[in-house]
Amino acid sequence: MTLLKNLKLYNDKKSRKQIIDQFYSGLNQENIHEAVTSLEERKHKDFPHGAVYFQNDLTTEKQNDLSLSKLDGLFIINEDDTQKGAVIPLQIIVQFLASNREQIAEEKALSLIQLENIIDRLELTLKSEEL
């Protein structure tokens, strides 16, 4: 696991949306399921174009530096020899998937039902953690 080298962190809404777009655009039919499992289990996962980290993947010091809560993910996009990333609440990821479900389903060769099942699983995971 390449741990956050040359990371440029973005916090504004527009940049965070762009990172979400890039992250999900870089996934294919196979690794979108790996990404969902990673979100459900809150476990780090590397992808060819980036990575996602969660609270338990990082030292307490790094968690505090990033203000990373258990309901957030640190999404990273690899660009040449740098990384750009953003701390994104998982509820925003669920909203992104729900808002773009037709486009994502088509791009990833998933049926709408498959994608809606993914969204439902993530929503249930979030609800169970918020209790």
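Quick caveat: nothing in here was measured; it's all calculated off a predicted structure.

A. Quick peek at the nonpolar core. Of all hydrophobic cores here, the largest spans 29 residues; its most connected members are F23, Y24, L39, F75, I93 and L97. Not counting chain neighbours up to four residues away, the residues in contact with F23 comprise A35, F47, H49, A51, V52, F75, I76 and I77. Judged by nonpolar contacts, the second largest core, of nine residues, contains A51, Y53, L58 and L74.

B. Spotlight on the packing of aromatic side chains. Considering all chains together, one arrives at four aromatic pairs under this definition. Relative to Y24, the ring of F23 lies with its centre 5.3 Å away and its plane at 75°, an arrangement referred to as edge-to-face. Judged by its relative accessible area of 1%, F23 falls in the buried class. Here the aromatic rings of Y24 and F96 are separated by 5.7 Å at their centres, their planes lie at 40°, and the arrangement is tilted. Separated by 72 residues along the polypeptide, Y24 in helix α1 (residues 13-25) and F96 in helix α4 (residues 90-99) bring together distant segments of the chain. Taken together, the aromatic side chains of F23, Y24, F47, F75 and F96 make up a single cluster linked through ring pairs.

C. Representation of α4. Turning to α4, its buried residues number three or more, namely L90, I93, V94, F96 and L97. The arc enclosing the buried residues of α4, seen along the axis, measures out at 160°, which places them on a common side. Buried residues along α4 sit against α1, α2 (29-41), β4 (72-79), β5 (82-89), α5 (101-107) and α6 (112-130).

About the cut-offs
One numbering rule holds for all chains: residues counted from 1, following each sequence as written. Where local features are concerned, this predicted model is filtered to residues with pLDDT of at least 70; where side-chain atom pairs are given and counted, the filter is 80 or more; whole-chain, interface and lining totals use all residues. Heavy atoms from the whole structure form the basis of all side-chain values; hydrogens and water molecules are not counted. Each nonpolar core is a collection of buried residues, namely Ala, Val, Leu, Ile, Met, Phe, Trp, Tyr and Cys, held together in the definition by side-chain atoms within 4.5 Å. Between buried and exposed lies partly exposed: a residue is buried under 20% and exposed over 50% of the maximum accessible area for its type, with that area taken using a 1.4 Å probe on protein chains only. By definition, residues are in contact when any of their heavy atoms lie within 4.5 Å. In this scheme Phe, Tyr and Trp rings, the latter by its six-membered ring, pair at centre separations within 6.5 Å, and the angle between planes marks the pair as stacked below 30 degrees, edge-to-face above 60, and tilted otherwise. Secondary structure elements are defined from DSSP: runs of H or I of at least 4 residues count as helices, runs of E of at least 2 residues count as strands, and each element is numbered from the N terminus. Within this analysis, the arc is defined by the directions that extend from the helix axis to the C-beta atoms.

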